[in-house]
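Next come the chains, spelled out residue by residue.
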Amino acid sequence: MKALIDKKKCTVCGVCSDACPAGAIELSEDHVEISDDCTLCGICVDTCEFGALSLPKAGTGPADDLESYRGIWVYAEWREGEVHRVSHELLSAGRKLADKRGVELCAVLLGSGLQASMSQELISYGADTVFVVDRPELAHFSDEIYSKIVVELIRRKKPEILLAGATSTGRSFIPRVAASLKTGLTADCTELDMSDEGLLLQTRPAFGGNIMATIVCPNRRPQMATVRPKVMKPVKRDGRQGRIESVSLPEECFAGRIEVLEVIPEKDQTARLTEADVIVSGGRGLRKGENFSLIEELAGLVNGAVGASRGAVEEGWIPPSHQVGQTGRTVAPTLYMAVGIAGAIQHLVGMQGSQVIVAVNKDPHAPIFDVATYGVVADLFDFVPAFVKRIRRERGEGA
Ligand SMILES: Cc1cc2nc3c(=O)[nH]c(=O)nc-3n(C[C@H](O)[C@H](O)[C@H](O)COP(=O)(O)OP(=O)(O)OC[C@H]3O[C@@H](n4cnc5c(N)ncnc54)[C@H](O)[C@@H]3O)c2cc1C
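Because the structure is a prediction, the values reported are computed rather than measured. (Residues numbered from 1 in each chain as written. Predicted model: local features only at pLDDT ≥ 70, side-chain atom pairs only at ≥ 80, totals over all residues. Heavy atoms only, no water.)

**A short note on helix α8 (residues 292–301)**
Those residues of α8 that fall on the buried side of the exposure criterion are F292, L294, I295, L298, A299 and L301. In this fold, the buried residues of α8 make contact with β17 (278–282), β18 (305–308), α9 (310–314), β19 (335–339) and α12 (380–394). Just downstream of α8 lies N303, where phi reads positive at about 55°. (Buried < 20%, exposed > 50% of the residue type's maximum accessible area, 1.4 Å probe, protein only. Helix = DSSP H or I, 4+ residues; strand = E, 2+ residues; numbered from the N terminus. Contact = heavy atoms within 4.5 Å.)

Here's what the structure looks like:
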């Protein structure tokens, strides 16, 4: 579907073409063409003073070519030459869905100077086929170009499902893909399954994390979901065989309006938090900002990152980049220590995938103990200094 033009009213003034953010309106000498890039945003309708443009009425019934879509795709994200862990997780989850549905699992790998070992790695995590688009224009991520390419690939090959990581990259360009294809997208899923009819069951926290909602997309294809990193387990199968297909696309797919001048690697704590093996998080139980030094000291001793509840962030004791939870980071370290954190559902959804959870709270009924592997019912101001002292003594550091 795209915007409709009434040629009798159109004066070919060009105002709509200048205003269109998708670059979907082309002018010729005597008429205006609207391309498939139209996202139905309606900006052209508002700018046309002659009332020549309108939006089609939204259809509620199913698209008539649903059956022609087949197969499950995973957008394979990578950084600095390494496949991102979320792609391993999605391929492992996608493998189960593809087996249940009896279809192929494919990975889509975009970039410049991609190594063959990356495709092989995607195969070992479950892909049957890897579609590779390797061009110099793809050296740096661009919303515009990456979405055009994925849209073109989908139009050609028609997968029934597309999965991507709910990372800053996935969150940034996957909605564009969904809008261009006029299909649905469920963002930030924490669970995926397949119904007997082939509907992707996309589960994510809703209403402030108080319920888990399962969402389906029955009338459009592909069914699209972004999935939070670290909520699914990666499963590697060495020796898997698969196919690598290098895809050529029209030149216009590689043309963009953004020029990357410089790339500055992220150095702040946020990146450290999601990659860390050990996280020590502090909550409102710390009573004041200065007391975060207790958390920092303990985290430093165990080579861990410092996390926080939103309670502590809202008090202004620590920057938001440290926040774990629904509106913060999702983490799944080997060890997560929650100190003076109550364990509200919005915090739990961000950390309950951790392998071992240690909770320190003076209230024995605090909900954090429901998910804790080890619970310490104690005043944190007694426990943490004693624990730090003990670690130092065990290491012969003499405190
Ligand atoms: C839409 C929405 C999104 C949200 N997103 C997030 C999110 O991403 N992350 C998040 O964390 N929260 C989030 N929240 C907020 C969440 O509901 C809680 O309010 C928040 O997690 C509470 O933080 P807290 O546990 O540190 O504070 P509190 O609820 O005040 O709990 C403090 C805990 O410390 C204990 N304590 C106090 N003193 C001591 C002591 N001396 N020794 C030991 N224990 C002590 C108390 O017993 C208590 O259990 C969100 C809320 C909403 C509505």
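**Overview of the packing of helix α5 (residues 143–157) against helix α6 (residues 168–181)**
Contact geometry of α5 with α6 gives a least axis separation of 9 Å together with a crossing angle of 45°. Regarding the angle of α5 to α6, the classification is oblique. Here α5 runs over α6; the crossing is right-handed. Between α5 and α6, the residues in contact are D143, E144, Y146, S147, V150, V151, I154 and R155 and S172, F173, R176, V177, S180 and L181, respectively. For the contact of α5 with α6, the residue count by class is 7 nonpolar, 3 polar and 4 charged. (Axes fitted to C-alpha atoms, helices over the stretch in contact; angles between N-to-C directions. Parallel < 35°, antiparallel > 145°, perpendicular 65-115°, else oblique. Left-handed = near helix turned anticlockwise from the far one by under 90°. Nonpolar A, V, L, I, M, F, W, Y, C, P; charged D, E, K, R; others polar.)

**Examining the environment of P218**
Examined against the element boundaries, P218 turns out to sit in the loop between β14 (211–215) and β15 (223–227). Accessibility expressed as a relative area gives 39% for P218, which makes it partly exposed. Remark: the alpha-carbon pair of P218 and H140, spanning 78 residues in sequence, is separated by 35 Å. When residues no more than four places from it in sequence are discounted, the contact partners of P218 are L66 and L199.

**A closer look at the sheet that holds strand β12 (residues 191–194)**
One open sheet holds the 3 strands; their spatial order is β12-β13-β14, and the pairing between them is antiparallel. Lying at the two open borders of the sheet, with one neighbouring strand each, are β12 and β14. For this sheet, the mean angle separating the axes of adjacent strands, direction not counted, is 25°. Alignment of strand β13 (residues 200–206) against β14, held across 5 bridges, turns out to be antiparallel. (Pairing = 2+ DSSP bridges.)

**Considerations on the environment of E394**
By the secondary structure assignment, E394 is in helix α12. We classify E394 as exposed; its relative accessible area is 58%. Each C-alpha atom, one on E394 and one on G304, is 18 Å from the other, the two residues being 90 residues apart in sequence.

**A short note on the sheet that holds strand β20 (residues 356–361)**
The 5 strands are arranged β18-β17-β19-β20-β21 in an open sheet whose pairing can be described as parallel. This sheet does not close on itself; its edge strands, each paired only once, are β18 and β21 (374–377). Adjacent strand axes in the sheet meet at a mean angle of 20°, parallel and antiparallel pairs treated alike. Bridge count between β17 and β19: 5 bridges; the pairing is parallel. Residue pairing across strands places V280 opposite M337, the latter belonging to β19. The strands that α12 touches are β19, β20 and β21; relative to β19, the one it contacts most, it runs at about 140°.

**Quick word on the domain arrangement of the protein chain**
Quoted interface sizes are often the accessible area lost when the parts come together. If you check the domain split of the protein chain, you get domain 1 (4–54), domain 2 (66–254) and domain 3 (269–394). Here the C-alpha centre of domain 3 lies 33 Å away from the C-alpha centre of domain 2. With 9 residues of domain 2 at the interface, the matching set in domain 3 holds 11 residues. When the two sides are added together, the surface that domain 2 and domain 3 hide from each other amounts to roughly 830 Å², 42% of it contributed by carbon and sulfur. The tally of links from domain 2 across to domain 3 stands at 0 salt bridges. The interface formed by domain 2 and domain 3 holds 1 residue pair in polar contact (both at pLDDT 80 or more) in total. Of the residues assigned to the side of domain 2 that touches domain 3, the class counts are 3 nonpolar, 3 polar and 3 charged. (Domains from an automatic or database assignment. Buried area = accessible area lost by both parts, 1.4 Å probe. Salt bridge = Lys/Arg side-chain N within 4 Å of Asp/Glu carboxyl O. Polar contact = N/O pair within 3.5 Å; in protein donor to acceptor, adjacent residues only side chain to side chain.)

**Notes on the nonpolar core**
In this structure, I72, L91, L109, L122, V130, L163 and L192 are the most contacted members of the largest nonpolar core, which totals 31 residues. Those elements that place two or more of their residues in this core are β5 (72–76), α3 (85–101), β8 (105–111), α4 (116–124), β9 (129–134), β10 (161–165), β12 and β15. The element that contributes the greatest number of residues to this core is α3, accounting for 6 residues. Filtering out sequence-adjacent residues up to four positions away, L91 remains in contact with V74, L105, A107, L122, Y125 and A127. (Core = buried A, V, L, I, M, F, W, Y, C linked by side-chain atoms within 4.5 Å.)

**So, the site of the ligand**
Around the ligand, the structure places 27 residues, and the nearest of them are R284, S309, T327, A342 and N361. Contact between the ligand and A342: an oxygen atom at 2.7 Å from a main-chain N or O atom of the residue. At a separation of 3.2 Å, a nitrogen atom of the ligand approaches a polar backbone atom of K362. For the ligand, the protein covers 77% of the area, taking 980 Å² as the surface of the free molecule. Mapped onto the shell around the ligand, the elements with two or more residues apiece are α9, α10 (345–348) and α12. Across the shell around the ligand, the residue classes break down as 7 nonpolar, 14 polar and 6 charged. (Near = heavy atom within 4 Å. Areas by Shrake-Rupley, 256 points an atom, 1.4 Å probe, with all protein chains shown as cover.)

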